[in-house]
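This is what each chain is made of:
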Amino acid sequence: MPAPIILLQSFLICGTSWILWRFFRQIIVKSPLDNVPGPEPVSFWKGNLPQVYDRRGWGFYEKLGYTYGQVVKLYGMFGHKMLYVYDPLALHSIIVKDQYVYEEAAWFVKSNELLFGPGLLASLGDHHRKQRKMLNPVFSIAHMRHMTPIFYRVTHKLESAIMSRVRDGPGEVDILNWMGRTALELIGQGGLGYSFDPLEEDVPDVLGDALKAFMPTFAKLQIHRRLIPYFAELGSPRLRRWILDMIPDARIQKMKYISDTVIEQSWKIFNEKKAALVKGDEAVVHQIGEGKDIMSILMKANMNASAGDKLPEDELIAQMSMLTLAAMDTTSNALSRTLHLLSEHQDVQEKLRAELMQARDGKDISYDDLVHLPFLDAVCRETLRRYPPAPWIFRVATKDIMMPLSEPVRGVNGTMMHEILVPEGTTIQVGIMGSNWNKAIWGEDAMEWRPERWLSPLPSAVEEAKIPGVYSNLMTFLGGGRACIGFKFSQIEMKTVLSVLLTTFKFSLPKEKIEWNMAGVTYPTTGDDVKARMLLTVEPLEYAKITVEA
Ligand code: HEM
């Protein structure tokens, strides 16, 4: 019998036994989570996952908070009990104090490694700590400051590209598409020292196109992804590759092409950079990032690091694709959301434009002024609070552990629980938006988008809650050892792009309705279209028609 058929048969037998075992275990074995309140599952097979992943599931999460509180029991597949958590003390335990107990899920780490190599999103424990030690300084404020001119250069190209489409009068522009192209080019030039897209014209780029295709393709493989740990070590790499080549599924074959292309192209860029570094400074400054991009700094730091701290080349290369993917949709969707909100709230747009006009005074705003503009900062913070691009992330408890609570939870049996025993293997859904929307902390108007809240002292409950986020008492960029490494990068990116676009164009709502969809990274759709797209009406400001080249 051919090998793939034998494998398939064994898989079906193992899979069926596993499902039956899970079914009986859930019925027979008592769990400490049984007493945690939560909604009924939709079915045994899917649990609450259809609600958890519903692209229109905003109401479900709002209701979870108001009905059950800050720790809620949910069901995953086949009766697997999960916890949805945004209690601040519990969050502190999950992502800071006990972060090495609550790890990334095996399917998350293994699939990232198989697709792009051993980068940050594919490493755990000491290995991950070593990679962060080398990467953290590269994202320092000093380096970000040096990158600002690169950011302005790219953003002015975006400005010209949009101007060429609306110079003769207002028109609807797919802002999501432009923010996506800009975010890719910014992480390209600022992160890799590589240009993906001239922006002023449509030029295909093998690597850029593969990276752009990644998220939409990957989104269709979320179930397959969870099966990877069961196959990842099966037989030799050659056998695994052969089996992969044989799988008659267009989505999997496309993913294979994307992964191969990204790895191959990343090696190419890496080798060119290495050659320039060996030749010396003169060759480096003639490269796209002029040696100020993240990869050039990282490669130099790695060359000078002690033997114990040095990262092997395949790890450096894996960081390139992981940084690009982590940077792209998050920041471009945050920028799209901000422009959407400013289109809905014309008064806020006017007030922000006035602040930016005054600061710009005909030239680009310096890094130091840009980061200190109060209203721009307030608009960015409030957008990232109320609409965090990644509304949740997952962790898995790698052993039994006691979860502390800042507020007791009333159990299903009526008793008050002051802590919860979390059994090994429990999936934790970290409620990033749950924490950012918490009325007990942010006040009764927590669900309102109100930038002004950042211009006066925040409620004392915010400080007292000790939310473990790296940024502004928010969970948007997470916290602990796996906090977003690029959060300063994304701040400057958002502020540079807004400072240029809002002093050149006026944005308003399009004819069709914009809807924001829930996902690992939320995304907009326009009208009945299910494809990610966000049109806004864009009109050039009178003076900009003369000053901006198109
Ligand atoms: C508004 C924009 C952004 C948001 C909301 C955001 C949010 C996040 C969150 C929530 C995580 C934790 C993921 C997890 O643990 O599962 C994360 C991790 C990460 N982010 Fe961001 N991010 C943004 C922009 C960026 C940018 C611009 C970069 C790169 C320049 C970046 C690079 C990374 C990397 C490499 C990680 C993995 C860190 C690790 O595991 O050690 N992010 N981000």
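Residues numbered from 1 in each chain as written. Predicted model: local features only at pLDDT ≥ 70, side-chain atom pairs only at ≥ 80, totals over all residues. Heavy atoms only, no water.

Caption draft 1: Fine view of the overall build of the protein. The secondary structure content of the protein amounts to 23 helices and twelve strands. For the protein, the C-alpha radius of gyration of 24 Å lies close to 24 Å, the compact-globule estimate for 550 residues. Once the C-alpha set of the protein is aligned to its principal axes, its extents read approximately 75 × 55 × 50 Å. The contacts in the protein between residues at least 6 apart in sequence include a share of 74% that link residues at least 24 apart. As displayed, the protein has an accessible area near 24600 Å², and 59% of this comes from carbon and sulfur atoms. (Helix = DSSP H or I, 4+ residues; strand = E, 2+ residues; numbered from the N terminus. Rg over C-alpha atoms; globule rule 2.2 N^0.38 Å. Contact = heavy atoms within 4.5 Å. Areas by Shrake-Rupley, 256 points an atom, 1.4 Å probe, with all protein chains shown as cover.)

Caption draft 2: Region of the structure containing the coordination of the iron atom of the ligand. When only protein atoms are considered, the iron atom of the ligand has one donor, C484 (SG), at a distance of 2.3 Å. Positionally, C484 belongs in the loop between α21 (460-465) and α22 (487-501). (Donors = N, O, S within 2.8 Å, 3.2 Å for Na, K, Ca; no water.)

Caption draft 3: Seen up close, α22. Helix length check: α22 (15 residues) gives 21 Å between terminal C-alpha atoms against 21 Å at 1.5 Å per residue, within 8%. When you tally the buried positions in α22, you get 14 out of 15 residues, the bulk of the element. (Expected span 1.5 Å × (residues − 1). Buried < 20%, exposed > 50% of the residue type's maximum accessible area, 1.4 Å probe, protein only.)

Caption draft 4: Here's a closer look at the packing of aromatic side chains. Per the counting criterion, the structure on display carries 19 aromatic pairs. The interplanar angle of 50 degrees and the centroid separation of 6.4 Å between the aromatic rings of Y53 and F394 together place this pair among those described as tilted. Of this pair, Y53 sits in the loop between α2 (49-52) and α3 (58-68) while F394 sits in strand β5 (residues 392-397), placing them 341 residues apart in sequence. By relative accessible area, Y53 is classed as partly exposed at 37%. Seen from their ring centres, Y471 and F477 are 5.2 Å apart, and the 90 degrees between their planes marks the pair as edge-to-face. Exposure class is identical for Y471 and F477. Each is buried. Directly above the ring of F375 sits K351, whose terminal nitrogen or CZ lies 4.4 Å from the centroid. (Phe/Tyr/Trp six-rings, centres within 6.5 Å; stacked < 30°, edge-to-face > 60°. Lys NZ or Arg CZ within 6 Å of the ring centre and 35° of its normal.)

Caption draft 5: Representation of the packing of helix α5 (residues 106-116) against helix α10 (residues 222-231) within the structure. Direction vectors running N to C along α5 and α10 enclose 85 degrees, while the axes themselves pass 8 Å from each other. Between α5 and α10, the angle is such that the two are roughly perpendicular. Contact residues: α5 offers A106, W107, F108, K110, S111, N112 and L114, while α10 offers R225, R226, I228 and P229. (Axes fitted to C-alpha atoms, helices over the stretch in contact; angles between N-to-C directions. Parallel < 35°, antiparallel > 145°, perpendicular 65-115°, else oblique.)

Caption draft 6: Up close: the site of the ligand. If you check the shell around the ligand, you find 26 residues, and the closest are E104, H128, R132, R395 and C484. Measuring from an oxygen atom of the ligand, one finds a side-chain N or O atom of E104 at 3.2 Å. R482 places a polar side-chain atom, nitrogen or oxygen, 3.5 Å from an oxygen atom of the ligand. When contributions to the shell around the ligand are tallied by element, the ones reaching two or more residues are α6 (125-135), α15 (313-344), β5 and α22. Looking at which element gives the most residues to the shell around the ligand, the answer is α15, with five residues. When the residues that make up the shell around the ligand are grouped by side-chain class, the tally is 16 nonpolar, six polar and four charged. (Near = heavy atom within 4 Å. Polar contact = N/O pair within 3.5 Å; in protein donor to acceptor, adjacent residues only side chain to side chain. Nonpolar A, V, L, I, M, F, W, Y, C, P; charged D, E, K, R; others polar.)

Caption draft 7: How the structure looks around empty space enclosed by the protein. This structure, assessed with the given rule, holds one cavity of 30 Å³ or more. As a volume, the largest cavity reaches approximately 70 Å³. Around the largest cavity sit W58, N333, A334, R337, R386, Y387, P388, P389, W437, W516 and T522, which together line it. Counted by class, the lining of the largest cavity contains seven nonpolar, two polar and two charged residues. (1 Å grid on protein atoms, 1.4 Å probe; cavity = no way out; pocket = protein on both sides within 12 Å on 5 of 7 lines; lining within 4 Å. Points joined across faces, edges and corners; volume = space filled by probe spheres on them.)

Caption draft 8: The arrangement of the UniProt feature "binding site: heme" (unreviewed entry) in the protein in detail. In the numbering used here, UniProt assigns the feature "binding site: heme" (unreviewed entry) to C484. Residue C484 is classed as partly exposed on the basis of its relative accessible area, which comes to 32%. (UniProt positions renumbered as here; feature names shortened; annotations may be inferred.)

Caption draft 9: Spotlight on the sheet that holds strand β3 (residues 102-103). Taken together, the five strands give an open sheet; going across it, the order is β1-β2-β8-β5-β3, and neighbouring strands pair in mixed fashion. The open sheet has two edge strands, β1 (71-75) and β3, and neither has a second partner. Judged from the four bridges that link them, strand β2 (residues 81-85) and strand β8 (residues 427-431) form a sheet pairing that is parallel. Pairing of V85 across the sheet is with V430, part of β8. Docked against the sheet, α3 engages β1, β2, β5 and β8, running at close to 125 degrees with respect to β1. (Pairing = 2+ DSSP bridges.)

Caption draft 10: Spatial organisation of the sheet that holds strand β4 (residues 171-174). The sheet built from three strands is open, its strands ordered β4-β12-β9 with antiparallel pairing. On the outer flanks of this sheet lie β4 and β9 (505-508), each paired with one strand and no other. Strand-to-strand twist of the sheet, defined as the mean angle between neighbouring strand axes without regard to direction, takes the value 45 degrees. Where β9 and strand β12 (residues 535-540) come together, four bridges link them in antiparallel fashion.

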